[in-house]
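Here's the letter readout for the chains.
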Amino acid sequence: MGPAELIVLTFPQEAITAESARALAALRTAGDIRVVDALVVTRRADGAVEYAEVGEVEHLHGVVAAGGHELPLIGPADAQEAAALLAPGSVAVVVLIEHLWAQSAAAALGAVGGRIASGVRIPPERIEEAVRAARARSGR
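What counts as what
- Per chain, residue numbering runs from 1 following the sequence as it is written.
- The predicted nature of this model means local features are confined to residues of pLDDT at least 70 and side-chain atom pairs, given and counted, to a pLDDT of 80 or more, with totals for whole chains, interfaces and linings taken over all residues.
- Processing note: side-chain calculations cover all non-hydrogen atoms of the structure and skip hydrogens and water entirely.
- Going along the chain from the N terminus, every DSSP run of H or I of four or more residues is numbered as a helix, and every run of E of two or more is numbered as a strand.
- Whether a residue is buried, partly exposed or exposed follows from its accessible area with a 1.4 Å probe, protein chains only, as a fraction of its type maximum: under 20%, in between, or over 50%, in that order.
- In what follows, a contact means two residues having at least one pair of non-hydrogen atoms within 4.5 Å.
- Think of it this way: DSSP has to see at least two bridges between two strands before they count as a pair.
- In this description, a line fitted to the C-alpha atoms serves as the axis of each element, helices being fitted only across the stretch in contact, and the angle between N-to-C directions of two axes falls anywhere from 0 to 180 degrees.
- Just to be clear on terms, a salt bridge is a Lys or Arg side-chain nitrogen sitting within 4 Å of an Asp or Glu carboxyl oxygen.
- A helix's residues, less one, multiplied by 1.5 Å, set its expected span.
- In this description, a nonpolar core means a group of buried Ala, Val, Leu, Ile, Met, Phe, Trp, Tyr and Cys residues linked to one another through side-chain atoms lying within 4.5 Å.

Attention shifts here to the overall build of the protein. Tallying secondary structure elements over the protein gives 4 helices and 4 strands in all. Starting at the N terminus, the α and β elements of the protein follow one another as β-α-β-β-α-β-α-α. With the C-alpha coordinates of the protein rotated into their principal frame, the extents come out at 50 × 45 × 30 Å. Across the 140 residues in the protein, those meeting the buried criterion constitute 32%. Sequence separation of 24 or more characterises 76% of the internal contacts of the protein that already satisfy a separation of 6 or more.

See below:
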């Protein structure tokens, strides 16, 4: 298995729309990642939190590989962490993905006794901030 990452995708309404479901399915079908598990977390307008495996939400079946089933690796503690990010009346999809594009690199490293030991996800806004700061320092 290649490197994996847990991502929380948030949406400003209580339910995943059909458009959002199609966008999530497109992530999987692009071939760069494999969805290992996914969980839908909803914070209702009254603040109550609910969560369900993505396979339990009819229009989200396409998020998981065709003919495949996600592994139940995302649990209640992950759902509560995601819920803390949500405003009342919004929803999140917590997705555990495998980076398929990195499998060949991991295999090559493994063949010589190495392995991918760690990785850090850097949000795009942090990279943009760093680029602006570097340009300011260099006068560009």
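The structure having been displayed, the exposition proceeds.
Taken in spatial order, the 4 strands of this open sheet run β1-β4-β2-β3, and their pairing is antiparallel. Among the strands making up the open sheet, the edge pair consists of β1 (4-11) and β3 (49-53). With direction set aside, neighbouring strand axes in the sheet form an average angle of 20°. Here strand β2 (residues 33-43) pairs with strand β4 (residues 90-99) via 10 bridges, running antiparallel. Bridged to I33 within β4 is H99. Here helix α1 (residues 18-29) sits on the sheet and contacts β1, β2 and β4; the angle it forms with β2, its principal contact strand, is near 155°.

Here the structure, examined in full by the defined rule, presents 4 salt bridges. Here E14 ties to R44 by a salt bridge, and the two come within 2.8 Å at their closest N and O atoms. Here R44 lies in the loop between β2 and β3 and E14 lies in the loop between β1 and α1, a separation of 30 residues in the sequence. Its relative accessible area of 26% is what places E14 among the partly exposed residues. On the basis of relative accessible area, R44 is assigned to the partly exposed category, the value being 27%. Close ionic contact of E50 with R44 constitutes a salt bridge, the shortest N to O distance being 2.7 Å.

On to the environment of E50, then. By the secondary structure assignment, E50 is in strand β3. For E50, a relative accessible area of 40% puts it in the partly exposed group. Residues E50 and P76, spaced 26 residues apart in sequence, show a C-alpha to C-alpha distance of 10.0 Å. When near neighbours in sequence (up to four residues on either side) are disregarded, E50 contacts V40, V41, T42 and R44.

Here helix α4 (residues 124-138) is 15 residues long and its end C-alpha atoms lie 21 Å apart, about the 21 Å a rise of 1.5 Å per residue gives. Of the residues trailing α4, G139 is marked for its positive phi of about 80°.

It is worth spelling out the nonpolar core at this point. Counting 16 residues, the largest nonpolar core has I16, V40, L60 and V93 as its most contacted members. Of all elements in the fold, only β1, α1, β2 and β4 reach the threshold of two or more residues within this core. Setting aside chain neighbours within four positions, we find I16 in contact with F11, A21, V40, H59, L60, V91 and V93. One finds V41, A79, A83 and V94 within the second-largest nonpolar core, a separate group that totals 11 residues.

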